[in-house]
Amino acid sequence: ADLISFIEGLPKAELHLHIEGTLEPELLFALAQRNNVELPYASVEELRAAYAFTDLQSFLDLYYAGAAVLQTEQDFYDMTMAYIARSRADNVRHSEIFFDPQTHTERGIGIDVVFAGIARALREARDRHGFSSAMIMSFLRHLSEEEAFATLEQALPLRAQYRDLWIGIGLDSAERGNPPEKFARVFARCRELGFHLVAHAGEEGPPEYVRDALDVLHVERIDHGVRSEEDPALMKRLAQQRIPLTVCPLSNLKLCVVDDMRKHNLARMLHAGLAVTVNSDDPAYFGGYMNANFLAVAASLRLSRTELVMLARNAFEATFLPAAAKQQLL
Ligand code: ES4
Ligand code: ZN
């Protein structure tokens, strides 16, 4: 089989996906019209043309602006359903999905609306297609820890209702200048509450942020983590402890974390024994879903089929599913 068919045929799990980053320009325009939201773009083409980023912040500005079209439970449901359809087409069997309630509660949308729309789609996909998923509520690190605590307080009354899906807590948005320590207390509280913990670290930020995400926040996986390579002692630790890294190749290229896919360190990190996984991050903005990310690294880094299988298998191993459910997926 050719490379594309091989990648298409691989069963995949996705561990780093922002649901707000799956809003394709077409749906974004449709929701803007449905909700009478004014957009500063005349057409889908004009919007897509604006997706030329120089760094993380230049992307985040558009990503938060785009999320403003999401108003009703149905909007969150429609966005999530579109992501599931696209992922099933890529032979994704399981997805652990980030959502950013603060992006919506800041605009007066109820946190219950956000949970309900996403969860209705995920439950429907599970019941109809056996598509497995989980939800990871993420705090925006450019906001204060006090605001993260307030969001946690708003969300906790919903926990019983979403116990089947809401399993974790994440940390995303502008990394530089917002180190893990800023969220030490709220992550400690989430840990006491029994949530799985993850954090973005070492995307634009230094390797110290990766170490502090592990030692201060006690996260179980690192989202991105590509700058870990600058610290050999950290690399050794990540390999020894098999800490999963949720790497996002097309994201790294689009946000200029790497300037050429052929220079991406994914293969080097895999060969160093790290539990590297491949993920799509914000696929509507970065130019591709899971298969496109696998294909980009397979072609640019000349990965073997054995290596591609390792990457896919690492993701199933790194899921937060209970062992029995994990076995069922394979
Ligand atoms: C994100 Cl690529 C990335 N990095 C940090 N925060 C994010 N939120 C959505 N995508
Ligand atoms: Zn991300």
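By the naming in an unreviewed UniProt entry, the protein chain goes by Adenine deaminase and is assigned to Collimonas fungivorans. Per UniProt, the comment on the protein chain under Catalytic activity (unreviewed entry) is "adenine + H2O + H(+) = hypoxanthine + NH4(+)". Quoted verbatim from the Function (unreviewed entry) field of the UniProt record, the comment on the protein chain reads "Catalyzes the hydrolytic deamination of adenine to hypoxanthine. Plays an important role in the purine salvage pathway and in nitrogen catabolism."

Trainee: Teacher, can you tell me more about the UniProt feature "binding site: Zn(2+)" (unreviewed entry) in the protein chain here?
Mentor: The positions that UniProt labels "binding site: Zn(2+)" (unreviewed entry) are, in the present scheme, His16, His18, His200 and Asp281. Spanning 266 residues, the named residues nonetheless gather at one spot, since no C-alpha pair among them exceeds 11.7 Å. Checked against the element boundaries, His16 lands in strand β1 (residues 12–18). His16 has contacts with Asp223, Thr246, Cys248, Asn279 and Asp281, leaving out every residue within four places of it along the chain.

Trainee: Would you mind showing me how to read the nonpolar core here?
Mentor: Inside soluble globular proteins, nonpolar side chains tend to come together where they are buried. Within the largest apolar cluster, 87 residues are counted, with the highest numbers of intra-cluster contacts made by Ile118, Ala213 and Val276. With seven residues, helix α7 (residues 111–129) is the single largest residue contributor to this core. When neighbours within four sequence positions are excluded, Ala213 is seen to be in contact with Pro180, Ala199, Ala201, Val219 and Ile222.

Trainee: What am I meant to see in the site of ligand 1 here?
Mentor: Near ligand 1, the surroundings consist of His18, Gly21, Leu56, Tyr63, Asp172, Ser173, His200, Glu203, Ser251, Asp281 and Asp282. The class makeup of the residues in the shell around ligand 1 is two nonpolar, five polar and four charged.

Conventions used here
Residues numbered from 1 in each chain as written. Chains lettered and ligands numbered in written order. Predicted model: local features only at pLDDT ≥ 70, side-chain atom pairs only at ≥ 80, totals over all residues. UniProt positions renumbered as here; feature names shortened; annotations may be inferred. Helix = DSSP H or I, 4+ residues; strand = E, 2+ residues; numbered from the N terminus. Contact = placed C-beta atoms within 7 Å. Core = buried A, V, L, I, M, F, W, Y, C linked by C-beta atoms within 7 Å. Buried ≥ 20, exposed ≤ 12 C-beta atoms within 10 Å, placed from the backbone. Near = placed C-beta within 6 Å. Nonpolar A, V, L, I, M, F, W, Y, C, P; charged D, E, K, R; others polar.

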